[in-house]
Amino acid sequence: MTTSIKKLPDTELVLSGNGACGGCPATMALRIVGKALGSNAIMLLTPSCSVASMGMTPKLGYNWPCINITFATAGSSASGITHALEIMKENGRLQGDLPTVFAWVGDGGTYDIGFQALSAAAERNDNMIFFCYNNEAYSNTGVQRSGATPRGSFTTTTPTGKRQPKKNMGLLMLEHKIPYVATATVAYPGDLYDKVVKAKNTPGMKYIEILAPCYLGWQFDMSDTVQMSRMAVRSGAWLLWEAENGSISFNNPSSHIISGKKVAEPVDEYLMKQGRFNRLLKGSDAQQRIAEIQGDIDHEIAFMRERKKITI
Amino acid sequence: MKTAQVIMDTGTHAAALAVKSARVDVIPGYPITPQTSIMEAIAAMVESGEMNARFIPMEGEHSVLAAAVAASAAGARVFTATSANGLLYMHEVLHMASGGRLPVVMCNVNRGIFAPWTLWADHQDSFSQRDTGWLQYHCSSNQEVFNTILQAFRVAEQINIPVMVNFDGFAISHCLMPLTLPPQEDIDRFLPSHEPEWRLDTAQPSSFSNVTMAAEYAPFRQMLSDDIMAAIPLVKQAAQEYKDITGMWDGDTIDTYRLEDAEVVAFAVNSMAAELRLSVDILREQGIKAGLLRPRLYLPFPAEDIINALPQNAQVMVLDRNYNFGHPGGILASELKNVLFGRRNDITVKNRVMGIGGIDLTRRFMAAEIRAMMDE
Ligand SMILES: Cc1ncc(C[n+]2csc(CCOP(=O)(O)OP(=O)(O)O)c2C)c(N)n1
Ligand code: SF4
Ligand SMILES: [Mg+2]
């Protein structure tokens, strides 16, 4: 059973008063992560909205020791910290329980510039949780495309809509044979909470990706963050799943879409609510472009359904 | 009391033994010739249990230094090594280490940089990282490499600034020379365990390197600049105390040979400076009053020590194994002129670039070059 939002601990590691936009999905997600991790954790960040939000030197809006490191190096830097803590613990220079080392990184720092370092940290199976909060663009620099930007989406560097589909980063991490991979999003806080708790209690490399609908980049009303997150899941544009030691299971409601018990809602309504898509969908080739986007979603659902069956 | 042990060893292996003696905690690494054998030796010592440390096999040098910086921020004593393009690939993180005031020690085994591709020594790699805020030593023997790594940790941890220990590929890295290993208890006395003032500590959550407005940023940078200059007395003190404990001396900020009465002074770093002692002897035999001044510390550039050491009216022959692109000649000459200007107008500076990409620099060749420069 998924933990109810009413049962989440009162612990707050995201302090009130920080620089994020109202309705920021990254901050919302981090708040849930804080409840799951508690205070014995060390946080790494790369240049991103989450750094811009954390407060200016010497202030700090996240109640962990936080280190903002070079953009490409979340994976390798987290490896450095985790090895340092382990050896200092081994030779008695660090007392108490080992802190959880976690990286809190945008999709740019995960899919693109940080991919190499993340891949290597995963291949070494170094002990950390790598979170990607995925707002499907470089938001901090003013919304440019990333490898996580879906086809059709407007960004400042895809002025007529992106022509390529996004990567399936969760799947790429799964193929690194790490002990735990999960996807989540802010409309399902209990699901996110449970996944973080599971990751915290699993040694080795853990990857959790959180879809983070960002009103600024996606162009919707900032009060609709959670609704947008829910629509992404219900349309199948975002699938909730986890994989323990390589074996995939889907979480409600994605599990019903995968099993065929429920049909995914057509993507149109989800797209029309977002300025990043709807300007394209007013053009003469609108039907074709919606069909392409729907095609990408259908492909991912079908592919993940089959991928789950591979258990060897 | 245990006595020192003398072995025959290569420069890279001497470096690895120094890292072991320094009781380093974390060593991220990545192979590149001629540095690779440092990492191989450390990996082997960690694997066998001879070193109580973590070796992290990284996927590239940018990540190597990122892991080093982060491990240092967690409170560990950290070492790594690289060469040439590996050092250049680290460039962004070099600044992160110094700006972040993290006392990482790194060997750079000097090698020419590509294109075109070369494997052999020159000093374009380390000198081109001058403005990254790292202290830089340049060493001219295997023993000096060993001694300097220990001194580097001492200085780095005193002022929270990373230190680069440079030495030449092949001429030092791969050549066997006698190496004296002081007893471990002496080294422990010289280099106590690392107790950082600040680290990532869950008992005291603090931020590192978040957005910093100019009013705070500017003083941080000023402090870094001031503290780099303040390293000079600490470098001298480290060399002196190392000598008091081990009896070994390689110079402090500078190293000199037959300098007191010299009229012609050779000025160079690294292995070519060791060879230049022999060139000085050749020139002396020819009746030329030659001497040698080797800046052991390149950054901070030991201006006062150089100004004080140079004899009156000397002609200084700067032999640069690098180019100062956009200017005629090399980088060392330009640094030297910079410090002499307005302070020692009696000194003449002449400059030649040589030994690029590992071209062999023999004592006779360099003696002849210096003679030729005298007539210029
Ligand atoms: C090496 C380097 N290149 C570029 C940048 C500029 N930069 C800062 S934040 C950012 C975008 C971050 O995107 P993402 O990781 O998705 O996080 P978000 O801003 O969306 O939260 C970029 C390109 C940088 N800081 N460092
Ligand atoms: S731009 Fe988006 S991700 Fe960034 S702080 Fe604002 S809402 Fe959050
Ligand atoms: Mg992003």
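Residues numbered from 1 in each chain as written. Chains lettered and ligands numbered in written order. Predicted model: local features only at pLDDT ≥ 70, side-chain atom pairs only at ≥ 80, totals over all residues. Heavy atoms only, no water.

1. Quick word on the coordination of the magnesium ion (ligand 3)
All names here are of chain A.
- Each protein donor to the magnesium ion (ligand 3) is listed here as Asp-107 (OD), Asn-135 (OD1) and Ala-137 (O); together their distances run 2.0 to 2.1 Å.
- Here the donor residues for the magnesium ion (ligand 3) map to a single chain with the spacing D-x27-N-x1-A. Of this pair, Asp-107 sits in helix H4 (residues 107–112) while Ala-137 sits in the loop between strand E4 (128–134) and helix H6 (169–174), and the two are 30 residues apart along the sequence.
- Classification of Ala-137 as buried rests on a relative accessible area of 6%. (Donors = N, O, S within 2.8 Å, 3.2 Å for Na, K, Ca; no water. Helix = DSSP H or I, 4+ residues; strand = E, 2+ residues; numbered from the N terminus. Buried < 20%, exposed > 50% of the residue type's maximum accessible area, 1.4 Å probe, protein only.)

2. Describing the interface of chain A and chain B
- With 45 residues of chain A at the contact, the number on the chain B side is 39 residues.
- Counting each side, the surface lost to burial between chain A and chain B is near 3,200 Å², with a carbon and sulfur contribution of 62%.
- It is Thr-57, Thr-70 and Ile-87 of chain A in chain A that bury the most area against chain B; as a group they hold 17% of the surface buried on that side.
- Between chain A and chain B we count three salt bridges in total.
- Where chain A packs against chain B, one counts 17 residue pairs in polar contact (both at pLDDT 80 or more).
- Among the secondary structure elements, those contributing two or more residues to the side of chain A that touches chain B are strand E1 (41–45), helix H2 (49–53), strand E2 (66–68), helix H3 (74–90) and helix H5 (115–124) of chain A.
- Its residues placed into classes, the side of chain A that touches chain B shows 24 nonpolar, 15 polar and six charged.
- As paired strands, E2 of chain A and strand E9 (residues 207–208) of chain B are joined by two bridges and run parallel to one another. Across the sheet, Cys-66 of chain A pairs through a bridge with Ser-207 of chain B, a residue of E9 of chain B. (Contact = heavy atoms within 4.5 Å. Buried area = accessible area lost by both parts, 1.4 Å probe. Salt bridge = Lys/Arg side-chain N within 4 Å of Asp/Glu carboxyl O. Polar contact = N/O pair within 3.5 Å; in protein donor to acceptor, adjacent residues only side chain to side chain. Nonpolar A, V, L, I, M, F, W, Y, C, P; charged D, E, K, R; others polar. Pairing = 2+ DSSP bridges.)

3. So, the domain arrangement of chain B
Residue and element names in this part refer to chain B.
- Domain annotation of chain B identifies domain 1 (5–245) and domain 2 (255–374).
- A straight line from the C-alpha centre of domain 1 to that of domain 2 covers 27 Å.
- Taken together, the 31 residues of domain 1 in the interface contact 26 residues of domain 2.
- When domain 1 packs against domain 2, the two sides together hide about 2,400 Å² of surface, and 55% of this comes from carbon and sulfur. (Domains from an automatic or database assignment.)

4. Thoughts on the sheet that holds E9 of chain B
- Taken in spatial order, the nine strands make up an open sheet running E8(A)-E7(A)-E5(A)-E6(A)-E4(A)-E3(A)-E1(A)-E2(A)-E9(B), and their pairing is mixed. The open sheet is flanked by strand E8 (247–250) of chain A together with E9 of chain B, the only strands paired with a single partner.
- Pairing analysis gives five bridges linking strand E3 (residues 100–106) of chain A to E4 of chain A, with the strands arranged parallel. Paired with Ala-103 of chain A across the strands is Phe-130 of chain A, a residue of E4 of chain A.
- Contacting E1, E2, E3 and E4 of chain A, H3 of chain A crosses the sheet at an angle of about 170 degrees to E3 of chain A. (Axes fitted to C-alpha atoms, helices over the stretch in contact; angles between N-to-C directions.)

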